[in-house]
Amino acid sequence: MICVPKTEYDSRVQRLQKKMEEENLDAVLCYANTGAYDNVFYLSQYWPLFEVGGVLVGRKGDPLVLMGGEAPEFAGAGPYGMKQVRGCEAFGHTYGTVRGWIGVDYFNLEQLFSEVTDGRGVRRIGLADYAIMPHKLYQQVESACLPGAELIDFGEALNDLRMNKSDFEAEMVQQACLISEKAFDNALGKINPEMTEYELEGVLAAELYRNGGEGPSFPILCYSGYRSRMGIGRSTHNKLCRDTIINIDIGCHYAGYASAYGRPIIFGKMSDQTKREIDFMLELHEKLICEWVKPGMTSGEIYARYYDYFVDHGWGPPPASASHGIGVFEGEPPTFRRDVPTVLNAGMTIAGDHFFRSQEYGFRFEDCYRITETGTQLFTRSHWEYIEL
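The structure reproduced in this document is the subject of the present report. (Residues numbered from 1 in each chain as written. Predicted model: local features only at pLDDT ≥ 70, side-chain atom pairs only at ≥ 80, totals over all residues. Heavy atoms only, no water.)

## What to know about the packing of helix α7 (residues 167–188) against helix α8 (residues 197–210)
Right, on to step 1. Look at α7 against α8: their axes get within 8 Å of each other, and the N-to-C directions meet at 130 degrees. Here α8 runs oblique to α7, going by the angle between their axes. Judged by the sense of rotation from one axis to the other, the crossing of α7 with α8 is right-handed. Counting all contacts with α7, which are made through I179, S180, A183, N186 and A187, the residues of α8 involved are V203, L204, E207 and L208.
Right, on to step 2. Per-class residue counts for the contact of α7 with α8 are six nonpolar, two polar and one charged. (Axes fitted to C-alpha atoms, helices over the stretch in contact; angles between N-to-C directions. Helix = DSSP H or I, 4+ residues; strand = E, 2+ residues; numbered from the N terminus. Parallel < 35°, antiparallel > 145°, perpendicular 65-115°, else oblique. Left-handed = near helix turned anticlockwise from the far one by under 90°. Contact = heavy atoms within 4.5 Å. Nonpolar A, V, L, I, M, F, W, Y, C, P; charged D, E, K, R; others polar.)

Next comes the structure, spelled out in C-alpha cells:
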C-alpha cells in the first residue's frame, strides 16, 4: 500500500502555520464528517467513519487529531500517531454527541485550546470549514475562546494550500487516473445490454479494486437513456439496453488521492446526430485541456472560452462548468466558472469534466491533467472516439 510520507504532512502543517503567523491566528480548527472531510484528511489522513472529527493546529508543533471517542486507533492511524489523538467532548457521532467509551480520555475545547497555545488561550481562531461546521459546535468554539475572541472564516487559506500540489500529490492523482482508465477498459469486455445499472456499477467497482484502487472516489455514475441527462445521479435496477447512450464516469482513491474518468458508450450503433455531438465535445475537450489552459490564466477566463465555444457552434449555453480541481477530493477548487477568477498555477491538478446534454440523453468526457510551467500534462487519453459495443 502506498502511503503519503510524513514529510508531506509536516510541510502542509508548516505552510499553514506560516499563514497563521501572517494572519495573527492562535489556532486553526478543521471539521470533518464522512461526506465532507477534505481539510482534516489533508492535514492528518483522518477520514471519520460514522463519527465527526477535526484537526486543531497551533502556531507551532504537530496538530491534534480530534475524534468522538469510538475509535481512537482509527484516528491515530495517520502520520502523527496516537500521541496526537484527543477525544473531544464537542465531537461525537454524526447524529449527536457520544461519550463514555471505555479507555478513552475526553477533553473539552478550552483544554485543547490551552494545549496548542502553551496555556495562553485563543484570541483569534481560523475556522477552515466554516460553511459546514454545525452551529452548536460553533457556539462551543466561541465559548472556549478568551472573552472578545475573533472567529475567522479561514477556508480560502486551506483551499489555496490544497490547490497547489506537490510532485508526490500529482503523481498519486495520476496513478489513480491510470487505475480508473484500466478498470474502464477491462469492464468493457464484461458487460452486456441485459445488465442493470447496478450490475454495471458492480463490475466497474470490482475492476477498480482489482487494479489497486482504494475504493470509488465518488459514487460511480452509470445510467442509460433519458436518465443520462441528469449529469449526476445514482444507479437503478433499469437495464442498460441497446441503441441508447450509456454514460459512465468512474474514479478511485490511490494513497487517498482521487481520480475521474468519463466516457459515453452504446450497445449498437450511434446515430449520425450523436456522432456530431461527440465530435464537437471531443474537439472542445482537447482544445480546453491541451491548448487553452496555461499558468497565469484564470479559471473564469477558461470558462468564458468554453461558454462561447458552445454558443458559437450552435449548441446554446453549456449545461455545466468547464472543469474543476481534483486531489484528496473529487471536486476541489478551483472551479471553472465565469465568476471564479482563480489564477491557475503550475502544479495544480484538474479534472477536465465536460458534459453535453441533448433532448434524449447526456454524456461526459472527463480526463485529469496537471498544469505545467508551459501548459498541461494529460494523465489519460484513451477512447477519444465512438465506443460502440
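Back to the write-up after that little detour.
## Details of helix α4 (residues 109–116)
Right, on to step 1. Among the residues of α4, those classed as buried are L109, L112, F113 and V116. Viewed along the axis of α4, the buried residues span an arc of 100 degrees, placing them on a single side of the element.
Right, on to step 2. Structurally, the start of α4 carries an N-cap: the backbone nitrogen of E110 is 3.2 Å from a side-chain oxygen of N108.
Right, on to step 3. Looking one or two residues beyond α4, the residue adopting positive phi is D118, at roughly 55 degrees. (Buried < 20%, exposed > 50% of the residue type's maximum accessible area, 1.4 Å probe, protein only. Arc of directions from axis to C-beta. Polar contact = N/O pair within 3.5 Å; in protein donor to acceptor, adjacent residues only side chain to side chain.)

## Focus: a nonpolar patch on the surface
Right, on to step 1. A cluster of nonpolar side chains, L49, F50 and F74, forms an exposed patch at the surface whose accessible area comes to about 330 Å².
Right, on to step 2. Note on placement: F50 falls in the loop between α2 (38–44) and β2 (53–58).
Right, on to step 3. With a relative accessible area of 56%, F50 lands in the exposed category. (Patch = residues over 30% accessible without salt bridge, like charges linked within 9 Å, V, L, I, M, F, W, Y side chains within 5 Å. Areas by Shrake-Rupley, 256 points an atom, 1.4 Å probe, with all protein chains shown as cover. Salt bridge = Lys/Arg side-chain N within 4 Å of Asp/Glu carboxyl O.)

## A short note on the pattern of salt bridges
Right, on to step 1. Following the criterion strictly, the structure yields 23 salt bridges and no others.
Right, on to step 2. Each of D38, R162, K165 and E332 takes part in one network of salt bridges that share partners.

## Some thoughts on the nonpolar core
Right, on to step 1. Within the largest apolar cluster, 68 residues are counted, with the highest numbers of intra-cluster contacts made by L16, L43, I248 and I250.
Right, on to step 2. Residues within four places of I250 in sequence aside, it is in contact with S180, A183, F184, L204, L208, F218, I220, S259, A260 and Y261.
Right, on to step 3. Ranked by size, the runner-up nonpolar core spans 31 residues in total, among them M270, I278, L282 and F363. (Core = buried A, V, L, I, M, F, W, Y, C linked by side-chain atoms within 4.5 Å.)

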